[in-house]
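Residue-level listing of the chains:
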Amino acid sequence: MCGIVGFVGNEQAAPILLDGLARLEYRGYDSAGIAVVSQNRELQVKKAKGRLQVLSDIIQGGKSVEGTLGIGHTRWATHGEPNDVNAHPHLSGDGKIAVVHNGIIENYVELRDFLVSQGYEFKSETDTEVVTQLLAYYYAECGDIFETVFKVIRRVEGAYALGIICADCPDRFIAARKDAPLLIGHGEGCNFIASDVTAIIKHTRDISYMDDGEVAVITADGVQVYNSMEQPIEKEHSYIDWDVSAAEKGGYAHFMLKEIMEQPEAIRKTAFSRIRDNRIFFEDLKIDEAYIKNIDKIFIIACGSSYHVGVVGKYNLERMLRKPVEVCLASEFRYSNPLVDEKSLVIVISQSGETLDTMAALREAKSLGAHILSIVNVVGSSIARESDDVLYTWAGPEIAVATTKAYSTQLVLLNMLGLYFGDILGTVSAKEYSEIIDELLRLPAKMEQMLENTDDIKYYASAYFNHSSVFFIGRNLDYAMGLEGSLKLKEISYIHSEAYASGELKHGTISLIEDGTLVIALGTYAPLFDKAMSNVVEVQARGADVLALTTDSHAAEMRKTVENVMTVPQSHTIFQPSLGVVPLQLFAYYVALMRGCDIDKPRNLAKSVTVE
Ligand code: M6R
C-alpha cells in the first residue's frame, strides 16, 4: 500500500527520499515520486509510473534535484490508473503546495465539485489532488500553512496520512494523520516522517507514532505535534531495537525464502521468552481471571493469512476451552451488526497492525464493550495501540508481501493463549498442559530439520508448476492449513487455487476435478487420516494428480495410494499445522520461482492494506 517518507535536514533530500522509498517498496506500489523545495523556494516534483528505478534514473539517483527538504511516495492505485499523472506528489495549481497521501478521501467528489465551482482545475483522477487544491484554496485565503492544514482536515472525510510541503516555507513540512499509519523519526539536525520504520531506520531509531487527528510541524531542528484542538502536545518516544540487517535479504534470493527460513528462530523468540519452568507467562496481559472466567464467546477477527491463523485457532481454542469461537473476516464483521458484548473476548490478529478493515472491526467490537486482545507483529502500530491488551509476535520485520514467519508466530502465540486460558478455566488438564509445552519447546527444532533439505519440495514444484488449477483438500486442521497453503500459492504464482474441506467436495466442487487437475491432499490431522485417504481415492478416481502431505508416521500408509508424498514430523495435534504449512509455503515459493514471478512483490498486492 502507499508509502510515505519525508526528510528535512542539512543533506540533500532526494537521495535520502529515494533510499527510504526503496525500503518501502515491499509494501506494494505501481508508481513513485518525490517533491523537493529548492533554495530559491521552488517546488520540484518528479514522478514516474513503474518501478522506483525508473524515477531514480530520471533524477540521476537524486543528484539532479537540489534541496534539503522533501517528501516522497510510492503509490498503490485506488482512484485512477497507475500513471505518471496520478502518481504522487500532487502539486497545487499555483505550484506552491505539494502533497503525498496514503488512504482514501471519501468525500472527494463533493470537494472536487466545490473546488471546480471556485475555478480550480484538476489534472489527475485521484482523491489526493482534491486535498492539494483544497490546501491551495485555504492557503490563498489565510497565508498560513499550519492553519490551512487544520482547515483542510476538518473538511475531508476518510483516511489519510499526509506529507505536505509549501514553497513559501522552505524550512518545514507538515504531517497529518487519521486512520493511516505515519510516524516521526527524530534525528540529529534532521527529522523524518515515514509510513513505517524500515524507511528511516538507517538514519534514526528514535520514533514517535502519530495518532489520529494529530498534525506535526517538522523542521531540521525540531518537531512539534498538535492535537486535533490545535494544542501543542508532547509525544512519547520509542526506541527501535531491531537490527537493520533483519530488513535485508542476507544472501537469500528473496525475502520470502529468508523469512521461511527464519521461522524456527521467530517461534523461539515469540514463544520461549514467555515460558519459564514449563509454564506460560503473559506478564503484560491486563485481562484478569474474573473476565476470562466470565467470557461466553470468543471472536477472532482478521484478514487474509491472519484470518487463516484464526481458522486454525477456532479448532484449537474450542477444543482447549470448550467455549464457542467465531472467526470473522474483518471486512465482513464491521458491517454485520455483530453480537458482541461485555462478555465477549475479541482476539484481533494482524502482522502489520495497520490493516484498515481489521482496525475498523476492532473499533466496532470495542464500542460494543468487548475486551480487545490483539496479536500484532509491528510494535507501536495502530491496532496495538488501540487494543486493551497486546501480545507481540517477535517475528522481526516481514518484508515479503506473502506472509510466512508472521503467520507461524501468530499461530504459536494463539495456541499459547488458548493453553493459558485453558489452564485458568481448568479445561486443560495438567498432563495435557505439560505435553503441549513439551511439544512447543520441540517445535522450532523440528521445523529446522524440515528446512535443512527442501529438495523433495523443489522436485514436486518442478513437476507441477505448469498446472493452471489446484485444489487443497483436507479436514479439520488440515482444511484450516489448506486455506493458507492455497493463498500462498495463488498470491505469488498466480495459479488459480482453492482450499476445500474434503467432505464438502461431493456437494458440488468435485465436478471440477478432471484428468490432470492437481489436488494437494492434506493428511496430517491424525484423528481423520482414514477419511483423508477416502477423499484421496475419490479424486484419483476422477483423474486428479495427487500430491499428498502427511506426517512421518502416516507416510507409509499414504504411499500405498499416492506416489508423490511430502512429509512432516509428527507433533501434538494443535501444532501439526505449524509444521504442515512449511512445505506448502516452500511449494508455493518454488512454483512461483519456476514461473518467473516477482515473488516478493506479487502483482496487485500490498503488504499492508490501509484502505478499505
Ligand atoms: O497485516 P495483516 O496481518 O493485518 O494483513 C492481513 C492480510 O492482508 C495479510 O495476511 C495477507 O493476506 C498476506 N500478506 C498474504 O500473504
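Look up: the structure comes first, before these words.
Summarised in this report is the structure supplied together with it.

What counts, and where the lines are drawn
Residues numbered from 1 in each chain as written. Predicted model: local features only at pLDDT ≥ 70, side-chain atom pairs only at ≥ 80, totals over all residues. Heavy atoms only, no water. Pairing = 2+ DSSP bridges. Helix = DSSP H or I, 4+ residues; strand = E, 2+ residues; numbered from the N terminus. Axes fitted to C-alpha atoms, helices over the stretch in contact; angles between N-to-C directions. Phe/Tyr/Trp six-rings, centres within 6.5 Å; stacked < 30°, edge-to-face > 60°. Buried < 20%, exposed > 50% of the residue type's maximum accessible area, 1.4 Å probe, protein only. Near = heavy atom within 4 Å. Polar contact = N/O pair within 3.5 Å; in protein donor to acceptor, adjacent residues only side chain to side chain. Areas by Shrake-Rupley, 256 points an atom, 1.4 Å probe, with all protein chains shown as cover. Domains from an automatic or database assignment. Core = buried A, V, L, I, M, F, W, Y, C linked by side-chain atoms within 4.5 Å. Contact = heavy atoms within 4.5 Å. Expected span 1.5 Å × (residues − 1).

Some points on the sheet that holds strand E18 (residues 297-302)
And then number 1: The 5 strands lie next to each other as E19-E18-E20-E21-E22, forming an open sheet whose pairing is parallel. Either end of the sheet is taken by a strand with one partner, and the two such strands are strand E19 (325-329) and strand E22 (389-392). The mean inter-strand angle of the sheet, taken between neighbouring strand axes irrespective of direction, is 20°.
And then number 2: Bridging between E18 and strand E20 (residues 344-350) involves 5 bridges; their strand directions are parallel.

Considerations on the packing of aromatic side chains
The description of an aromatic ring pair uses the distance of the two centres, along with the angle that the planes make with each other.
And then number 1: With the rule as written, the count across this model stands at 12 aromatic pairs.
And then number 2: Ring geometry for Tyr392 versus Trp394: centroids 5.5 Å apart, planes at 35°, classification tilted.
And then number 3: A relative accessible area of 17% means that Tyr392 is categorised as buried.
And then number 4: With a centroid separation of 5.1 Å and an interplanar angle of 75°, the aromatic rings of Tyr589 and Tyr590 are classed as edge-to-face.
And then number 5: On the basis of relative accessibility, which here comes to 1%, the residue Tyr589 falls in the buried class.

Description of the site of the ligand
And then number 1: By nearness alone, 14 residues border the ligand, and Ser306, Ser350, Ser352, Thr355 and Glu491 come closest of all.
And then number 2: Ser350 places a polar side-chain atom, nitrogen or oxygen, 2.6 Å from an oxygen atom of the ligand.
And then number 3: Protein burial of the ligand: of its 410 Å² of free accessible surface, 91% is covered by the chains.
And then number 4: Within the residue set of the shell around the ligand, elements represented by two or more residues are helix H9 (304-321) and helix H16 (477-493).
And then number 5: Per-domain counts for the shell around the ligand show at least three residues from each of domain 2 (249-448) and domain 3 (455-594).

Observations regarding the nonpolar core
And then number 1: Grouped together as the largest cluster of nonpolar side chains are 92 residues, with contacts concentrated most on Phe282, Ile300, Ile347, Met416, Ile520 and Phe587.
And then number 2: Each of domain 2 (249-448) and domain 3 (455-594) accounts for three or more of the residues forming this core.
And then number 3: Excluding its chain neighbours within four sequence positions, the residues that come into contact with Ile347 are Ile298, Phe299, Ile300, Ile301, Leu317, Leu373, Ile375, Leu414 and Leu417.
And then number 4: Residues Val131, Leu135, Val215 and Tyr226 belong to the second largest nonpolar core, which totals 31 residues.

Brief notes about helix H19 (residues 576-594)
And then number 1: Spanning 19 residues, H19 covers 28 Å between terminal C-alpha atoms, matching the ideal 27 Å at 1.5 Å per step.
And then number 2: Burial within H19 is extensive, with 17 of its 19 residues counted as buried.
And then number 3: A positive phi of about 70° marks Gly596, the residue just after H19.

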